[in-house]
Amino acid sequence: MELTRPVFFVGFMGAGKTSVARRLARTCGVASVDMDTYIERREGKKVKEIFAEGGEEGFRAIETDVLRELGAKPDPLLISCGGGVVVTPANHDVFREAGFVVYLEVTADEAASRISDTSTRPLFQNLEAARARCEERLPLYEAVANVRVSTAGKSVPAIAREVQRILEKEGILCPQQR
Ligand SMILES: Nc1ncnc2c1ncn2[C@@H]1O[C@H](COP(=O)(O)OP(=O)(O)OP(=O)(O)O)[C@@H](O)[C@H]1O
Ligand SMILES: O=C(O)C1=C[C@@H](O)[C@@H](O)[C@H](O)C1
Ligand SMILES: [Mg+2]
């Protein structure tokens, strides 16, 4: 199959953006890219090190640069964003101009139960702070979303199938034209 526009997955850390995009890419035969992984390869450093050296501000600048680059690829991709991509206002323009945004909903408590190693996520260091951060970001996720998908109690393959149906209905995921 092929994509007519880039599809961005947003949502809090642990929502399943990376897992769902990867699963959908595999089952539909389209390409996916994970922004955190892409950033780590490009910078030759782990996200944690980028935060330690340049702070959140340094990380966000790289993130916006990469979002613009990936959103402008001639062959559209499934793009799993970092959990904080919505905090930078300029990123909202990229979403609006280029793509379709799938918001995967999760609570901080459920996310905490899914993530085995929070040390890789500098902004998920304790549950209290994560709950507050998650709540603070809800309106931002909602503002950019073209569609919301609840992930509570659902498996990654089930969520991927649900997203696939939505993308097909919207004409974003189509049978290959050539
Ligand atoms: N629906 C789900 N049910 C159970 N576990 C899940 C589900 N989705 C993801 N997970 C697990 O939660 C962990 C985090 O998932 P994933 O890395 O896909 O989240 P993410 O949204 O990309 O997070 P981040 O913003 O930190 O990159 C992984 O171990 C994954 O296997
Ligand atoms: O929610 C966030 O702010 C982040 C989520 C991760 O995906 C990484 O992009 C980074 O750890 C920041
Ligand atoms: Mg991820």
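Residues numbered from 1 in each chain as written. Chains lettered and ligands numbered in written order. Predicted model: local features only at pLDDT ≥ 70, side-chain atom pairs only at ≥ 80, totals over all residues. Heavy atoms only, no water.

Looking up the protein chain in an unreviewed UniProt entry gives the name Shikimate kinase, with the organism given as Adlercreutzia rubneri.

On a plain count of helices and strands, the protein chain comes out with 7 helices and 7 strands. Put simply, the protein chain runs from its N terminus to its C terminus through helices and strands in the order β-β-α-β-α-α-β-α-β-α-α-β-α-β. Principal-axis analysis of the C-alpha atoms places the extent of the protein chain at approximately 45 × 35 × 25 Å. Within the protein chain, the fraction of its 178 residues that count as buried is 45%. (Helix = DSSP H or I, 4+ residues; strand = E, 2+ residues; numbered from the N terminus. Buried < 20%, exposed > 50% of the residue type's maximum accessible area, 1.4 Å probe, protein only.)

Turning our attention to the UniProt feature "binding site: substrate" (unreviewed entry) in the protein chain. As recorded in UniProt, the feature "binding site: substrate" (unreviewed entry) lies at Asp36, Arg60, Gly83 and Arg137. Set against the largest pocket, the annotated residues named above that line it are Asp36, Arg60, Gly83 and Arg137. Note that Asp36 resides in helix 2 (residues 35-43). In contact with Asp36, not counting residues within four places along its chain, are Val47, Phe59 and Gly82. Classification of Arg60 as buried rests on a relative accessible area of 10%. Not counting the four nearest positions on each side in its chain, Arg60 is found in contact with Gly84, Val85, Val87, Thr88, Leu123 and Arg137. In this structure the side chain of Arg60 is engaged in a polar contact, spanning 2.9 Å, whose partner is the side chain of Glu63. (UniProt positions renumbered as here; feature names shortened; annotations may be inferred. 1 Å grid on protein atoms, 1.4 Å probe; cavity = no way out; pocket = protein on both sides within 12 Å on 5 of 7 lines; lining within 4 Å. Contact = heavy atoms within 4.5 Å. Polar contact = N/O pair within 3.5 Å; in protein donor to acceptor, adjacent residues only side chain to side chain.)

Ligand 1 sits among 15 residues. The nearest are Lys17, Thr18, Ser19, Arg121 and Lys154. Gly14 is positioned with one of its backbone polar atoms (N or O) 3.0 Å from an oxygen atom of ligand 1. The side chain of Thr18 places a nitrogen or oxygen atom 2.7 Å from an oxygen atom of ligand 1. Isolated, ligand 1 exposes 640 Å² of accessible area, and the fraction of that covered by the protein chains is 75%. A majority-of-atoms criterion places ligand 1 in the largest pocket. (Near = heavy atom within 4 Å. Areas by Shrake-Rupley, 256 points an atom, 1.4 Å probe, with all protein chains shown as cover. Sits in = over half its atoms within 2 Å of the grid points.)

Take the nonpolar core next. Within the largest apolar cluster, 57 residues are counted, with the highest numbers of intra-cluster contacts made by Phe9, Val102, Val163 and Leu167. Sort the elements by how many residues they give to this core and helix 3 (residues 47-71) lands first, with 8 residues. Residues in contact with Leu167, not counting those within four places in the same chain, are Val7, Leu24, Leu78, Phe100, Val102, Ile172 and Leu173. (Core = buried A, V, L, I, M, F, W, Y, C linked by side-chain atoms within 4.5 Å.)

We now examine the pairing of strand 5 (residues 100-105). When you tally the buried positions in strand 5, you get 5 out of 6 residues, the bulk of the element. Both strand 2 (residues 7-10) and strand 5 contribute to a ladder of 4 bridges, which runs parallel. By the bridge assignment for strand 5, Phe9 is matched with Val102. Of the strand pairs in this sheet, strand 5 and strand 6 (residues 147-150) are connected by 4 bridges, and their pairing is parallel. Bridge assignment links Glu105 to a residue of strand 6, and that residue is Ser150. (Pairing = 2+ DSSP bridges.)

So, about the UniProt feature "binding site: ATP" (unreviewed entry) in the protein chain. Annotation from UniProt places "binding site: ATP" (unreviewed entry) at Gly14, Ala15, Gly16, Lys17, Thr18, Ser19 and Arg121. Cross-referencing the annotated residues with the lining of the largest pocket gives Gly14, Ala15, Gly16, Lys17, Thr18, Ser19 and Arg121. Take Gly14: it is sitting in the loop between strand 2 and helix 1 (17-28). With sequence-adjacent residues up to four places away left out, Gly14 is seen in contact with Val106, Ala111, Arg114 and Ile115.

Remark: helix 3 packs on helix 4 (residues 89-98), axes separated minimally by 10 Å, with the N-to-C direction vectors making an angle of 5°. In terms of axis orientation, helix 3 runs roughly parallel to helix 4. For the pair helix 3 and helix 4, the contacting residues are Glu63, Thr64, Leu67, Arg68 and Gly71 in the first and Ala90, Asn91, Val94, Phe95 and Ala98 in the second. Residues that form the contact of helix 3 with helix 4 fall into these classes: 5 nonpolar, 3 polar and 2 charged. (Axes fitted to C-alpha atoms, helices over the stretch in contact; angles between N-to-C directions. Parallel < 35°, antiparallel > 145°, perpendicular 65-115°, else oblique. Nonpolar A, V, L, I, M, F, W, Y, C, P; charged D, E, K, R; others polar.)

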